[in-house]
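Breakdown of the fold
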Amino acid sequence: MIHGDYQEGNLFFVDDATGGSARISDIIDWDQVYRAPRAWEVIRTLDLCFALEPRSVRAFLAAYRSVAPLPDDALDTTAQAYSWMRAHDFWVYDHIYAQGNTRYQHYIGPAPFVPFTDGWLALRATLTS
């Protein structure tokens, strides 16, 4: 089972008692829970929370992998599936135009469409160098 919407808006933080940095104390908003590979949640998070920014992605993956293994090939395979789904999914348009929910308009930018796999491959090159 994965959360389905793991992003900063659904996380609560508390200061680490040892004087270190803050740590996640709770995760809320479990209405999108479903069965999927852990890599799916990670890829989605790297896209929506970190916009594939290399420094942030590197830090997140290092922290994640300190708790649970996550091989590069699992991320690569999942990135391909995620890219296909994002390119063919109309959920953003449905929310904005059919439901009138303008909260999602930031997902439609003035920049041309770039498949997720293009960004993923560029990021992967920086992660392995």
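Our subject is the structure that appears above.
Read on for an overview of the structure. (Residues numbered from 1 in each chain as written. Predicted model: local features only at pLDDT ≥ 70, side-chain atom pairs only at ≥ 80, totals over all residues. Heavy atoms only, no water.)

The next thing to look at is the overall build of the protein. From N to C terminus, the protein includes five helices and two strands. C-alpha atoms of the protein, sized along the principal axes, occupy 50 × 35 × 30 Å. Here the protein holds 129 residues, and 26% of them are scored as buried. In the protein, 61% of the contacts between residues at least 6 apart in sequence involve partners at least 24 apart. (Helix = DSSP H or I, 4+ residues; strand = E, 2+ residues; numbered from the N terminus. Buried < 20%, exposed > 50% of the residue type's maximum accessible area, 1.4 Å probe, protein only. Contact = heavy atoms within 4.5 Å.)

So, about the packing of aromatic side chains. This structure, assessed with the given rule, holds eight aromatic pairs. Measuring from centroid to centroid gives 6.4 Å for Tyr 93 and Tyr 97, while their planes differ by 5°, and the two rings are stacked. Here Tyr 93 pairs with Tyr 97, and both are found in helix α4 (residues 91-98), just four residues apart, close to one helical turn. Between Phe 116 and Trp 120, the ring centres sit 6.5 Å apart and the planes meet at 15°, which makes this aromatic pair stacked. Linking Phe 116 with Trp 120, this pair stays in helix α5 (residues 116-128), spanning four residues, or about one helical turn. The exposure class of Phe 116 is buried, given its relative accessible area of 9%. Here Trp 120 falls in the buried class, since its relative accessible area comes to 2%. An aromatic cluster of three or more residues is present, and its members are Trp 40, Tyr 82, Phe 116 and Trp 120. (Phe/Tyr/Trp six-rings, centres within 6.5 Å; stacked < 30°, edge-to-face > 60°.)

Formed by 16 residues in total, the largest nonpolar core has its most connected members in Val 42, Ile 43, Leu 46, Leu 75, Phe 116 and Trp 120. Breaking this core down by element, the ones donating at least two residues are α1 (38-48), α2 (54-65), α3 (72-88) and α5. The greatest single-element share of this core, amounting to five residues, is contributed by α1. If we ignore the near neighbours within four places in the chain, the residues touching Val 42 are Phe 60, Leu 61, Tyr 64, Leu 70 and Leu 75. (Core = buried A, V, L, I, M, F, W, Y, C linked by side-chain atoms within 4.5 Å.)

All chains considered together, the criterion is met by three salt bridges. For Arg 65, the salt bridge goes to Asp 72, with nearest N and O atoms at 2.7 Å. Of the residues examined, Arg 65 reaches a relative accessible area of 33% and is grouped as partly exposed. Connected through shared salt-bridge partners, Arg 65, Asp 72, Asp 76 and Arg 124 make up one network. (Salt bridge = Lys/Arg side-chain N within 4 Å of Asp/Glu carboxyl O.)

On to a nonpolar patch on the surface, then. On the surface, a cluster of nonpolar side chains totalling about 590 Å² of accessible area is made up of Met 1, Phe 13, Ile 24, Ile 27, Trp 30 and Val 33. Considering the arrangement of structural elements, one finds Ile 27 in strand β2 (residues 22-27). Exposure remark for Ile 27: the relative accessible area of 30% places this residue in the partly exposed category. (Patch = residues over 30% accessible without salt bridge, like charges linked within 9 Å, V, L, I, M, F, W, Y side chains within 5 Å. Areas by Shrake-Rupley, 256 points an atom, 1.4 Å probe, with all protein chains shown as cover.)

Because each turn of an α-helix spans 3.6 residues, side chains separated by three or four positions end up pointing in the same direction. The first and last C-alpha atoms of α3 sit 25 Å apart over 17 residues, in line with the 24 Å expected at 1.5 Å per residue. Residues Leu 75, Thr 78, Ala 79, Tyr 82 and Ser 83 constitute the buried set of α3. Projection of α3 onto a plane perpendicular to its axis shows the buried side chains occupying an angular sector of 150°, all on one side. Every exposed residue of α3 that faces more than 90 degrees away from the buried side is listed here: Asp 73, Thr 77, Gln 80 and Trp 84. Tucked into the core, α3 has its buried residues touching α1, α2 and α5. (Expected span 1.5 Å × (residues − 1). Arc of directions from axis to C-beta.)

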